[in-house]
Amino acid sequence: MKINLNFDDKNLKNRVLNLRQELDKTLKSGILDEDFEDRLKLLESEENLLLEKLVPYFREYGNKKIKINMIDIEERGIYNLENFLYSYAKINENLYILNSIDMETRFFYIFEKSEFEIEYSDKIKKLKNHRFTKIIKYKEDELLLFSVKGNVFSLKLNIDNKLPNTFTDIEIKELDVNFKNINFGNILYLGDDNFIAESNSSICLGKYSDSSFNLEKRYLKINDLKDLVKIDKNIFIAAKLDGELIKIKVEKNKLVVLNRIQTNHILRKIKLLENEDENFEKLAILGNNGIFIILDKDTLKVISREKLDGNLFDISTNSGTAIILSEDGNLYVFEENFNKWNLKITLEDVFYTNIINFNEKNYLILNLDGKFERLNIDRVLSKDDLKNIALY
C-alpha cells in the first residue's frame, strides 16, 4: 500500500545524511558548528511527528498485530467479592468501589507491580442491605450512591490513593429527598449539580445540594427505557428496548426532545467509544442476536453495522480499543484505525460477567467465580512503541 503522509521524507533523509557527514568531520577536527545541536533537535521533532503519523499504518499493515493476554490477578488480604457485581465506580487510577447483587458494598484497590494484585476492603456496614443501581463520582473525594429503593447517599473519602478503612476513612450521609415510592433505574450526572434520573418508566431532572437530592416535577414518559448515556453538556441519549434512540437536551429546567431515530433492533446497552485522543465522537449500540452498531454521537447517523454472535450485553472502551461480551461466551476485541472501528480478535467459550477499563493497555474482567482477571492488550500505541520493535 502506498502511504501518503503529506511529509517530505526525501528532504528529511538528505538533512539526516548531511548532519551525519558533518558529525564525521567533527570527530576528526574536534570543531562542532554552532547550529548543529539546534538542527539535530529540529530533525528529532520532525522524526517524532512522522512516527506518530505512521502508528495507525503500522497497526493496520505492519508485521506486529494486536494481541491479548488473559492473566490471573492475585488477591491480597482476607476479604473478597462474595457475589456477582451489580454496580461500580472508578474513584481514581487504582481505587474502585463496587456493589454486589447480595447488597454488599466495598472498595477494592489494584496494586501494579510485575503482576497485578487486588485487595478488597471490609463491607461498608452503613450501606448494608442496599442495592445501588448507580454509583457516581461527584467530586474527587465524594461519591453519590443511588439505591434501587430510592435512597440516596453521599460518601466522602478522607484518604489519598490507598485502600480505605471502612470505619475511619469515610463519611456517609443519607440525603433528604422530596419523593416517595421511587425505584431508581439509570442515573446520569450532567454537571453543575444536574442529574438525570430514571424511575417508573419516566426520566426527570434531579438536583443535588449538600444535604438533599430533589427531583423536578416535570418529567418525560418513556416506556421500556433500556439505557442512558451523556453525549455532551446537558445533552443525553435515551435508548428504548425496541431500538428507538431519543436525543434529549436539558434547557431551562425542561427536557426537550431534539431527535428520534429507530434502529429496528432489540437494544441492550449504549456506550460512547473512546478514541486514541481520549475523545468520544461515536456511539456504540449493543443488541440481541449479535447486533453492534456505531453511530455519530451528534447526528445519530449510522456509520457501521456488525453482525456478531450471541446477545451482546457489556462493552468497555479505552484509547482506541473496545471489548464486547456476549451471553454465548464470546469476547470481541475492536480496534480503531483511520477513524474506523474493526473487529480484530474473537475469543470463544470464555464466560465473563463484567469488564472494566483500567488503563490504555489493560482491562479488568470478572469471571463466573467472582475473580478478576487482567486482559492485557499488546498493540502499537505510540511512536515510542514503533522505535522499540523490529520492523523486519
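Our subject is the structure listed above.
An account of the accompanying structure is given in this report.

Parameters and conventions
- Residues numbered from 1 in each chain as written.
- Predicted model: local features only at pLDDT ≥ 70, side-chain atom pairs only at ≥ 80, totals over all residues.
- Heavy atoms only, no water.
- Helix = DSSP H or I, 4+ residues; strand = E, 2+ residues; numbered from the N terminus.
- Buried < 20%, exposed > 50% of the residue type's maximum accessible area, 1.4 Å probe, protein only.
- Contact = heavy atoms within 4.5 Å.
- Areas by Shrake-Rupley, 256 points an atom, 1.4 Å probe, with all protein chains shown as cover.
- Patch = residues over 30% accessible without salt bridge, like charges linked within 9 Å, V, L, I, M, F, W, Y side chains within 5 Å.
- Salt bridge = Lys/Arg side-chain N within 4 Å of Asp/Glu carboxyl O.
- Pairing = 2+ DSSP bridges.
- Lys, Arg positive; Asp, Glu negative; His and termini not counted.
- Charge placed at Lys NZ, Arg CZ, Asp CG, Glu CD.
- 1 Å grid on protein atoms, 1.4 Å probe; cavity = no way out; pocket = protein on both sides within 12 Å on 5 of 7 lines; lining within 4 Å.
- Points joined across faces, edges and corners; volume = space filled by probe spheres on them.

### What about the overall build of the protein chain?
- On a plain count of helices and strands, the protein chain comes out with three helices and 30 strands.
- Residues classed as buried in the protein chain amount to 47% of the 392 residues present.
- Considering only contacts in the protein chain between residues 6 or more positions apart, those separated by 24 or more positions represent 47%.
- Accessible area for the protein chain stands at about 20,400 Å²; split by element, carbon and sulfur atoms hold 45% of it.

### Brief notes about a nonpolar patch on the surface
- Together, Phe 84, Tyr 86, Ile 101, Phe 351 and Leu 368 make up an exposed nonpolar region whose accessible area comes to about 440 Å².
- Tracing the chain through its elements places Ile 101 in the loop between β4 (95-100) and β5 (105-112).

### As for the environment of Ile 294
- Topologically, Ile 294 is positioned in strand β22 (residues 291-296).
- Here the alpha-carbon distance between Ile 294 and Leu 283, two residues 11 residues apart in the chain, equals 5.6 Å.
- Leave out the neighbours within four places in its chain, and Ile 294 touches Leu 273, Lys 282, Leu 283, Lys 301, Val 302, Ile 303, Ser 304 and Trp 341.

### Looking at the pairing of strand β23 (residues 302-307)
- Examined bridge by bridge, β22 and β23 share five bridges and lie antiparallel to one another. Across the sheet, residue Ile 291 finds its bridge partner in β23, namely Lys 307.
- Turn length for the β22-β23 hairpin, with the two strands adjacent in sequence and antiparallel, is five residues, and the turn residue Leu 300 shows positive phi of about 65°.

### Looking at the sheet that holds strand β11 (residues 176-177)
- Strand order in the open sheet formed by five strands is β11-β15-β14-β13-β12, and the pairing between neighbours is mixed. Only two strands of the sheet have a single partner each, and these edge strands are β11 and β12 (184-191).
- The pairing of β11 with strand β15 (residues 212-221) spans two bridges and is parallel. Within β15, the position partnered with Val 177 by the bridge is Phe 213.

### Considering a negative patch on the surface
- A cluster of acidic side chains, namely Asp 277, Glu 278, Glu 281 and Glu 360, defines a negative patch on the protein surface.
- With respect to the helices, strands and loops of the structure, Asp 277 is situated in the loop between β20 (267-274) and β21 (280-287).

### As for the pairing of strand β27 (residues 340-347)
- Strand direction decides the pairing type here: strand β26 (residues 331-337) and β27, joined by seven bridges, are antiparallel. Each residue of the ladder has a partner; that of Glu 335, found in β27, is Asn 342.
- Between β26 and the antiparallel strand that follows it, β27, lie two residues; Phe 338 among them carries a positive phi value of about 55°.

### Points about empty space enclosed by the protein
- Tallying each qualifying case throughout the model produces one cavity of 30 Å³ or more.
- The volume enclosed by the largest cavity comes to roughly 40 Å³.
- Looking at the largest cavity, the residues that line it are Leu 273, Glu 274, Asn 275, Asn 279, Glu 281, Lys 282, Glu 336, Asn 339 and Trp 341.
- At the level of elements, β20 and β21 are the ones that each hand at least two residues to the lining of the largest cavity.

### Here we look at the pattern of salt bridges
- Scanning the model with the defined rule gives 19 salt bridges in all.
- For Lys 371, the salt bridge is made with Glu 75, and the minimal N-O distance between the two is 3.4 Å. Taken together, the residues Lys 371 in the loop between β29 (362-367) and β30 (372-378) and Glu 75 in strand β2 (residues 74-76) connect sequence positions 296 residues apart.
- Residue Glu 335 is joined to Arg 379 by a salt bridge in which the shortest nitrogen-to-oxygen separation is 2.9 Å. Of this pair, Glu 335 sits in strand β26 while Arg 379 sits in the loop between β30 and α3 (383-387), and the two are 44 residues apart along the sequence.
- Through salt bridges that share partners, Arg 59, Glu 276, Glu 335 and Arg 379 make up one connected network.

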